[in-house]
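Structural characterization, general
For reference, the chains in residue letters:
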Amino acid sequence: DVKVTQSSRYLVKRTGEKVFLECVQDMDHENMFWYRQDPGLGLRLIYFSYDVKMKEKGDIPEGYSVSREKKERFSLILESASTNQTSMYLCASTDVGAQDEQYFGPGTRLTVT
Amino acid sequence: QKEVEQDPGPLSVPEGAIVSLNCTYSNSAFQYFMWYRQYSRKGPELLMYTYSSGNKEDGRFTAQVDKSSKYISLFIRDSQPSDSATYLCAMWVDSSYKLIFGSGTRLLVRP
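Let me sum up the structure you'll find in this document. Each chain carries its own residue numbering, running from 1 in the written order of its sequence. Throughout, the order in which chains and ligands are written sets their labels, letters from A for the former and numbers from 1 for the latter. Only residues with pLDDT of 70 or above have their local features reported here, since the model is predicted, and side-chain atom pairs are shown and tallied only from 80 upward, although totals for entire chains, interfaces and linings are computed over all residues. In computing side-chain properties, one takes all heavy atoms of the structure into account and sets aside hydrogens as well as water.

1. Quick notes on the overall build of chain A
- In this text, helices come from DSSP runs of H or I with a minimum length of four residues, and strands from runs of E with a minimum of two, each type numbered from the N-terminal end. The helix and strand tally for chain A stands at zero helices and 11 strands.
- Written out in order from the N terminus, the α and β elements of chain A read β-β-β-β-β-β-β-β-β-β-β.
- Its C-alpha atoms give chain A a radius of gyration of 13 Å, within 12% of the compact-globule value 13 Å for 113 residues.
- Projecting the C-alpha coordinates of chain A onto the three principal axes gives extents of approximately 40 × 25 × 25 Å.
- Split into buried and exposed, the 113 residues of chain A put 50% on the buried side.
- Should any heavy atoms of two residues lie within 4.5 Å, those residues are considered in contact. Within chain A, contacts between residues separated by at least 24 positions form 56% of all contacts whose residues are at least 6 apart in sequence.
- Summing over all exposed atoms, chain A offers an accessible surface of approximately 5,400 Å²; the carbon and sulfur share of this is 48%.
- In chain A, which carries 15 positive and 17 negative side-chain charges, the distance between the mean positions of the two groups comes to 8 Å. Only C-alpha atoms enter the radius of gyration, while the globule expectation follows 2.2 Å times N to the 0.38, with N the number of residues. Relative accessible area decides the class of each residue, using a 1.4 Å probe on protein chains only: under 20% of the type maximum gives buried, over 50% gives exposed, and in between gives partly exposed. Here the open area of atoms and residues is found with the Shrake-Rupley method and a 1.4 Å probe, where only the protein chains shown may cover a residue. His is not counted, nor are the chain ends, whereas Lys and Arg count as positive and Asp and Glu as negative. Note that the charge is assigned to NZ on lysines, CZ on arginines, CG on aspartates and CD on glutamates.

Next up, the structure:
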C-alpha cells in the first residue's frame, strides 16, 4: 500500500520562527510536490522536485524554500513564518510521467500566531 | 480569471440521489482530466481519470469531458453518506509537470 507521510498533523508557530515541514514517501517516486490549500483557492503549488537535489518553483514560492537530499524525503521550509502562511500544507508524490495520479499525504495544519 | 472554476457548494442531497459535480476551464490545451476526493482531515485521493473527451464509468461514478465546451462533470449514482467529501477536479497538459486544481465542491449526502 502506497504511503506518503507528513511529520506533523497540527503545528502552531510564532511569527518570525523558522518552520520545517517534512514529507516522506515509500513508493520510490521521482517527483514530489508541496501545495498549500486554502478555502476558495484550492490547491496551489509551492515547489516541485523531479529528482534528488533538483527543485522548481511553483505558483507561490515566495517565503518558502525546499530541500531534497534523499529521494524519499522532501522538506518545506518557512524561513520566517508569517500569519499569512497559516494554511493546510499537503505533500504529494508521483512516478515519472504519471502526473495524473498524485499520492497525497494527510496534510499539516499550520497556524502562525 | 482562474484557469479552472468550480462551485464550492456545499451541495446537500438525500441518500440515493444522483449527484452532478462540474468544472469549467479556460485552457484548451488541457488533455488529462481528473477527479480527486478529499475526506475531512485527509489528503485528496484520485477517484477518476479521463483522457480527452468522452465518458468513463467506474461503478457508481461517471466522469464526462466536453472539450468543445471546456466543461467536465462527475456524476454519482445512488449517492451514499460515505460519499460526503470535497471533490476536486484537476487538469494537466502533457509536457507540464503540474496539475491545475479546482477549488473543490463540498458534498453532503444526508441519510
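2. Examining the interface of chain B and chain A
- Contact residues are listed per partner, giving 19 residues for chain B and 23 residues for chain A.
- Carbon and sulfur atoms make up 58% of the surface buried where chain B meets chain A, a total of about 1,700 Å² over both sides.
- Computed with a 1.4 Å rolling probe, the buried area is the accessible surface lost when two parts are put together, summed over both parts. Broken down residue by residue, the surface that chain B buries against chain A is led by R41, Y97 and F101 of chain B, which jointly contribute 34%.
- By definition here, a salt bridge exists when the distance from a side-chain nitrogen of Lys or Arg to a carboxyl oxygen of Asp or Glu is within 4 Å. Of the charged contacts, one joins D59 of chain A and K98 of chain B as a salt bridge, the two residues approaching to 2.5 Å between their closest N and O atoms.
- For this analysis, a polar contact is any N or O atom pair within 3.5 Å, provided that within protein one partner can donate a hydrogen and the other can accept it, and provided that sequence-adjacent residues contribute only side-chain to side-chain pairs. Across the chain B-chain A interface, the total number found is four residue pairs in polar contact (both at pLDDT 80 or more).
- Those elements that place two or more of their residues in the side of chain B that touches chain A are β4 (32-38), β5 (45-51) and β9 (85-92) of chain B.
- Per-element accounting of the side of chain B that touches chain A gives the leading share, three residues, to β4 of chain B.
- In this count, Pro and Cys sit with the nonpolar residues alongside Ala, Val, Leu, Ile, Met, Phe, Trp and Tyr, while Asp, Glu, Lys and Arg are called charged and the others, Gly among them, polar. Residues belonging to the side of chain B that touches chain A are distributed by class as follows: 10 nonpolar, five polar and four charged.

3. Looking at the sheet that holds strand β7 (residues 64-70) of chain A
Residue and element names in this part refer to chain A.
- Each pair of strands is called paired provided DSSP finds at least two bridges between the two strands. Judged by pairing direction, the sheet is antiparallel, and its four strands sit side by side in the order β1-β3-β8-β7 without closing on themselves. Sheet topology places β1 (4-6) and β7 at the edges, where each strand pairs with a single neighbour. Going from strand to strand, the sheet's axes swing by 20 degrees on average, the running direction of each strand aside.
- As paired strands, strand β3 (residues 19-25) and strand β8 (residues 73-78) are joined by six bridges and run antiparallel to one another. In the strand pairing of β8, V24 is matched with R73. Between the N-to-C directions of two axes lies an angle of 0 to 180 degrees, each axis being a line fitted to C-alpha atoms and, for a helix, fitted only over the stretch in contact.

4. A short note on the pairing of strand β6 (residues 54-58) of chain B
Residues and elements named next belong to chain B.
- With five bridges joining them, β6 and strand β7 (residues 61-66) adopt antiparallel strand pairing. Looking at β7, one finds that E57 is bridged to T62.
- Connecting the antiparallel pair β6 and β7 is a turn made up of two residues, with G59 showing a positive phi of about 65 degrees.

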